[in-house]
Amino acid sequence: MENRIKEELKKRGIKQKWLAEKIGVSETDISSYIANRRRPNHKRLTAMCRLLGCRIVDLYPNSKRQVTYKLN
């Protein structure tokens, strides 16, 4: 399943390193998510959405989950 993590990061001007620090994973993990070698678990995925102010379906267009998280 393809994802749009890289596009969403670029759209918001956010670096992979910052996102990794905020959700408590390594930069290598974020790179693996972007390259579709791994998929974040639900907790990390929802944290990513909350930080990016987007929905799961924005990161994974073929996903059935459409939860929206707003930036504070």
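You'll find the structure just up there.
Residues numbered from 1 in each chain as written. Predicted model: local features only at pLDDT ≥ 70, side-chain atom pairs only at ≥ 80, totals over all residues. Heavy atoms only, no water.

Participant: Just checking my understanding: could you explain helix α1 (residues 5–12) for this structure?
Facilitator: Owing to its 3.6 residues per turn, the α-helix aligns residues three or four sequence positions apart on the same side. Restricting attention to buried positions, one finds in α1 the residues Ile 5, Glu 8 and Leu 9. For α1, the buried positions fall inside an angular range of 100° around the axis, keeping them on one side. Turned more than 90 degrees away from the buried face of α1 sit Lys 6, Lys 10 and Lys 11, all of them exposed. In this fold, the buried residues of α1 make contact with α2 (16–23), α3 (27–34), α4 (42–52) and α5 (56–59). Within two residues after α1, Gly 13 carries a phi angle of roughly 70°, on the positive side. (Buried < 20%, exposed > 50% of the residue type's maximum accessible area, 1.4 Å probe, protein only. Helix = DSSP H or I, 4+ residues; strand = E, 2+ residues; numbered from the N terminus. Arc of directions from axis to C-beta. Contact = heavy atoms within 4.5 Å.)

Participant: Before we go on, may I ask you to explain the packing of α2 against α3 in this structure?
Facilitator: Axis angle and axis distance: for two packed helices, these are the angle between their axes and the distance between the axes, and together they describe the pair. The N-to-C vectors of α2 and α3 enclose an angle of 110°; their axes lie 8 Å apart at closest approach. Looking at the two axes, α2 sits roughly perpendicular to α3. Two packed elements cross with a definite hand, and for α2 against α3 that hand is right-handed. Residue-level inspection shows Gln 16, Lys 17, Leu 19, Ala 20 and Ile 23 of α2 in contact with α3, the latter providing Glu 27, Ile 30, Ser 31 and Ile 34. (Axes fitted to C-alpha atoms, helices over the stretch in contact; angles between N-to-C directions. Parallel < 35°, antiparallel > 145°, perpendicular 65-115°, else oblique. Left-handed = near helix turned anticlockwise from the far one by under 90°.)

Participant: When you look at the pattern of salt bridges in this model, what are you seeing that I'm missing?
Facilitator: Where charged atoms from two side chains of opposite charge come close, those side chains can pair. Under the criterion given, the structure shown has four salt bridges. Asp 29 is the salt-bridge partner of Arg 38, the closest N and O atoms lying 2.4 Å from each other. Taking the relative accessible area as the measure of exposure, Arg 38 reaches 39% and is therefore partly exposed. We classify Asp 29 as buried; its relative accessible area is 16%. The closest approach of N and O atoms between Arg 55 and Asp 58, which form a salt bridge, is 3.0 Å. Each member of the salt-bridge network shares a partner with another, and the members are Glu 8, Lys 11 and Arg 12. (Salt bridge = Lys/Arg side-chain N within 4 Å of Asp/Glu carboxyl O.)

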